[in-house]
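Listed below are the residues making up each chain.
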Amino acid sequence: MLRFPYRKVRFPVTHDPGPHEALAAVRDSRAALGARIRPVLVEEIALAVATGGVLAAFALPPPWGSLAMAPFAVAMSWLMVLARNRTGLMVNRAVCARARGIGLAFGLAIAGLVLVVILSSLLLDLRWPALACGLLAAVITFFGRRAWLRAIMDDLAGRPR
Amino acid sequence: MKVPQFDAVIHAPGRLQICAILSRVDEAEFATVRDLIAVSDSVMSKHLRQLEEAGYVALRKAAEAGRQRTWIRLTPSGYEAFAAHVQELTRLAALTPPRAG
């Protein structure tokens with residue numbers, strides 16, 4: 001007889017479920033999903049460093065800045081793919097107002113930093129703002145992404161904010 | 001505001017859980033959903049085939065790192081049907097007491 005080790009029944013709904021049972025199964029499924037997207041510290045740190053590196057690379061004079069930026073940009077993409085393959089989930093859609101707000105604030109903050117870096121390095125020929133913005137972007141990415149994931153996990157688990 | 005509507009395709013155990021998971025993500029991998037709802041590959045495939053025939057899910061196969069992965073997502077009509085079904089369940093739950101045990 002074949003045995004499958006992962007076939008532990010978590011939601012033992014095998015008959016026609018009543019409305020209460022069905023709604024409980026929906027809640028339980030979402031809660032299990034929330035546990036699945038738990039952030040991994042090493043990945044979060046690496047992503048923050050890669051994001052900060054993209055901006056900090058502008059501190060180098062051309063063409064070295066563009067050359068230094070490329071590996072950080074590749075690392076960012078690779079880390080996103082790694083996280084997607086690890087969890088088996090794509091959760092770009094912000095599922096709740098809190099996650100949407102965090103995502104919007106994060107996007108605006110990074111866009112603002114990119115603008116400062118472009119203006120300072122290309123127009124004013126200042127190099128140090130790129131380093132400062134890179135550091136700031138790394139910190140914002142680390143805490144922003146964790147807060148965004150936490151908001152989604154709380155929403156899926158039905159926890160109050 | 002969706003009109004509450006019972007959907008027999010979605011209501012079946014397994015398919016309800018699949019829709020509950022897919023309704024909160026852009027895409028989910030076959031193996032992830034299978035593990036989350038704790039069913040075998042064949043049962044999962046059967047549920048997905050029925051949901052796909054109803055037009056509620058779309059499957060995408062992608063070869064990544066030498067491995068074939070199947071990604072599943074709810075279609076817009078799947079979202080609507082699931083939302084309407086949950087609303088109907090909520091309405092029915094308000095009318096009926098929970099089963100004992």
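A brief report on the enclosed structure follows. (Residues numbered from 1 in each chain as written. Chains lettered and ligands numbered in written order. Predicted model: local features only at pLDDT ≥ 70, side-chain atom pairs only at ≥ 80, totals over all residues.)

**Side note on the overall build of chain A**
And then number 1: A count of helices and strands for chain A gives 5 helices and 1 strand.
And then number 2: Listed by position from the N terminus, the elements making up chain A come as α-α-α-β-α-α.
And then number 3: The 161 residues of chain A split such that 29% are buried.
And then number 4: Here the analysis covers contacts within chain A between residues at least 6 apart in sequence; of these, 71% occur between residues at least 24 apart. (Helix = DSSP H or I, 4+ residues; strand = E, 2+ residues; numbered from the N terminus. Buried ≥ 20, exposed ≤ 12 C-beta atoms within 10 Å, placed from the backbone. Contact = placed C-beta atoms within 7 Å.)

**Observations concerning the nonpolar core**
And then number 1: Within the largest apolar cluster, 39 residues are counted, with the highest numbers of intra-cluster contacts made by B:Cys19, B:Ile21, B:Leu22 and B:Val33.
And then number 2: When residues of this core are traced back to their parent elements, those giving at least two are helix 1 (19–36), helix 4 (97–123) and helix 5 (128–157) of chain A together with helix 2 (15–22), helix 3 (30–37), helix 4 (41–53), strand 3 (67–74) and helix 5 (76–95) of chain B.
And then number 3: Among the elements that make up this core, the one with the highest residue count is helix 2 of chain B (6 residues). (Core = buried A, V, L, I, M, F, W, Y, C linked by C-beta atoms within 7 Å.)

**Remarks on the environment of B:Gln17**
And then number 1: When you line up the elements, B:Gln17 lands in helix 2.
And then number 2: Separated by 48 residues in the primary sequence, B:Gln17 and B:Ala65 place their C-alpha atoms 29 Å from one another.

**Focus: the environment of B:Ala62**
And then number 1: On the secondary structure map, B:Ala62 appears in strand 2 (residues 57–64).
And then number 2: Setting aside its immediate chain neighbours within four residues, B:Ala62 contacts B:Arg69 and B:Trp71.

**Points about the pairing of strand 3 of chain B**
Residues and elements named next belong to chain B.
And then number 1: In this structure, strand 1 (residues 27–29) lies alongside strand 3, joined through 2 bridges in antiparallel fashion. Looking across to strand 3, one finds that Ala28 is bridged to Ile72.
And then number 2: In terms of strand pairing, strand 2 meets strand 3 through 8 bridges, oriented antiparallel. Within strand 3, the residue paired with Val57 across the bridge is Leu74. (Pairing = 2+ DSSP bridges.)

Function cannot be inferred from these measures alone, as they are strictly geometric.
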